[in-house]
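Listed below, chain by chain, are the residues.
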Amino acid sequence: MTAASSGSANPMPCALCSSIAAPREAWDRPLFESTHFIALPSLGSLVEGWLLLMPRQHFISVGALTPNLHEELATFKLDVCARLNSVYGDVCAFEHGPCAPGRQVGCGVDHAHVHLVPLGFDLVDAARDHLPRVEWQPAPWSACTPVVAHQLDYLFVEQPIGVGRIAVAPQFGSQILRRVIASRIGRPDEFNWRTHHQASSIDRTINSLRPMALVV
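Residues numbered from 1 in each chain as written. Predicted model: local features only at pLDDT ≥ 70, side-chain atom pairs only at ≥ 80, totals over all residues. Heavy atoms only, no water.

Trainee: If you had to explain unusual backbone geometry to someone new, which residues and values would you point to?
Mentor: Residues Q159 and P160 are joined by a peptide bond in cis, for which omega reads -5°. Tracing the sequence through the fold places P160 in the loop between β7 (153-158) and β8 (164-169). With a phi angle near 55°, Q175 is a residue other than glycine that sits in the positive phi range. Mapped onto the elements, Q175 comes out in the loop between β8 and α6 (176-184). Overall, Q175 belongs to the buried group, its relative accessible area being 5%. (Helix = DSSP H or I, 4+ residues; strand = E, 2+ residues; numbered from the N terminus. Buried < 20%, exposed > 50% of the residue type's maximum accessible area, 1.4 Å probe, protein only.)

Trainee: Summarise empty space enclosed by the protein; cite the residues concerned and give the values.
Mentor: Counted under the stated rule, the structure contains one cavity of 30 Å³ or more. Of the voids in this model, the largest cavity is the one considered here, and its volume is about 30 Å³. Around the largest cavity, the lining residues are I60, S61, E95, H96, P98, G106, V109, H111, A112 and H113. A per-class count over the lining of the largest cavity returns four nonpolar, five polar and one charged. (1 Å grid on protein atoms, 1.4 Å probe; cavity = no way out; pocket = protein on both sides within 12 Å on 5 of 7 lines; lining within 4 Å. Points joined across faces, edges and corners; volume = space filled by probe spheres on them. Nonpolar A, V, L, I, M, F, W, Y, C, P; charged D, E, K, R; others polar.)

Trainee: Can you tell me about the pattern of salt bridges, naming the residues and giving the values?
Mentor: Scanning the entire structure with this criterion turns up seven salt bridges. One salt bridge in this structure joins D153 and R103, with 3.0 Å as the shortest N-O distance. Residue D153 is found in strand β7, and its partner R103 is found in the loop between β4 (91-97) and β5 (114-118); the two are separated by 50 residues along the sequence. With a closest N to O distance of 3.2 Å, D122 and R165 form a salt bridge. Placement of the pair is D122 in the loop between β5 and α4 (123-127) and R165 in strand β8, with a sequence separation of 43 residues. Judged by relative accessible area, R165 falls into the buried class, the value being 17%. (Salt bridge = Lys/Arg side-chain N within 4 Å of Asp/Glu carboxyl O.)

Trainee: Report on the packing of aromatic side chains, specifying residues and quantitative values.
Mentor: Going through the model one piece at a time under the given rule, you end up with two aromatic pairs. With a centroid separation of 6.2 Å and an interplanar angle of 75°, the aromatic rings of W50 and F94 are classed as edge-to-face. Taken as a pair, W50 in the loop between β2 (37-41) and β3 (51-55) and F94 in strand β4 lie far apart in primary sequence, 44 residues in all. A residue is classified by how much of its surface remains accessible, and F94, at 0% relative accessible area, is buried. (Phe/Tyr/Trp six-rings, centres within 6.5 Å; stacked < 30°, edge-to-face > 60°.)

Trainee: Before we move on, could you go through the packing of helix α3 (residues 70-88) against helix α7 (residues 199-209) and cite the residues and values that matter?
Mentor: Remark: α3 packs on α7, axes separated minimally by 11 Å, with the N-to-C direction vectors making an angle of 105°. Judged by the angle between their axes, α3 and α7 are roughly perpendicular. Between α3 and α7, the residues in contact are L84, V87 and Y88 and R204, T205, S208 and L209, respectively. (Axes fitted to C-alpha atoms, helices over the stretch in contact; angles between N-to-C directions. Parallel < 35°, antiparallel > 145°, perpendicular 65-115°, else oblique. Contact = heavy atoms within 4.5 Å.)

Trainee: Outline the environment of A126, listing residues and values.
Mentor: Examined against the element boundaries, A126 turns out to sit in helix α4. Placed 51 residues apart in sequence, A126 and L177 show a C-alpha to C-alpha distance of 9.2 Å.

Trainee: An account of the nonpolar core is requested, with residue identities and associated values reported.
Mentor: Counting 39 residues, the largest nonpolar core has F94, L123, L155 and L177 as its most contacted members. Listed by contribution, the elements that provide at least two residues to this core are β2, β3, β4, α4, β7, β8, α6 and α7. Among the elements that line this core, the one with the most residues is α6, at five residues. If near-sequence neighbours (up to four positions away) are discounted, L177 is found in contact with F94, H96, L123, A127, L155 and V157. (Core = buried A, V, L, I, M, F, W, Y, C linked by side-chain atoms within 4.5 Å.)

Trainee: Residues and numbers for the side chain of R165, please.
Mentor: A polar contact is formed between the side chain of R165 and the backbone oxygen of Q159, at a distance of 3.3 Å. In this structure R165 touches D122, V124, W136, Q137, P138, A139, L155, F156, V157 and Q159, once residues within four positions along its chain are discounted. (Polar contact = N/O pair within 3.5 Å; in protein donor to acceptor, adjacent residues only side chain to side chain.)

Trainee: Break down α7 for me, citing the residues and quoting the values.
Mentor: Taken as a whole, α7 has its buried residues at S201, I202, T205, I206 and L209. Down the axis of α7, the buried set is contained in an arc of 135°. They therefore lie on one face. Looking at the packing, one finds that the buried side of α7 touches β1 (32-33), β2, β3 and α3. (Arc of directions from axis to C-beta.)

Trainee: Describe the side chain of E158, naming the residues involved and giving the relevant values.
Mentor: Within the secondary structure, E158 is located in strand β7. Once residues lying within four places of it in the same chain are set aside, the contact partners of E158 are K77, V91, C92, A93, W141, V163 and G164.

Any link to function would need more than the numbers given here.
Next up, the structure:
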């Protein structure tokens, strides 16, 4: 297992690291912050309130985080989800978890990021038609660590918050859970964050959440 696959070392330029260091667009500016994590509006927000929770330091996935960061991640995630819930209702957290750079499941972003999305349906149930041979198992976020250590990719869904499920495979398709959400809300052709930025949804998210800005 190399540093590039699991730790904070990053031999290639990372777009998210650059955005964190020098925000240029509205969606690059954190709405919520803790010592080692930030939460940003998500480019490609198919629904209002969609955020990305990510470490300031470069890691390939949550499964690659160093142990000292897990408690802060859990606390920060709960705080941000509580604020999202107060505005939008039920929230789902999920991650496309790559074990190394350049994996399809990473969606072209080789920096750990957890999606926090207001959703009124069960994401795992909705994903079964898209992933018919994938098995989901109850699991905490800590279960992602040995998966990455064994050089496997994973999908992790926490819904409701506090109840996690994981699926593990040698490879998943790109943006698979974004595809599931886009299909379920009747906009299947808009799943790709690169071609459908959803700028108006981002603006509404910023306007709704900026007054609740959190720094811990």
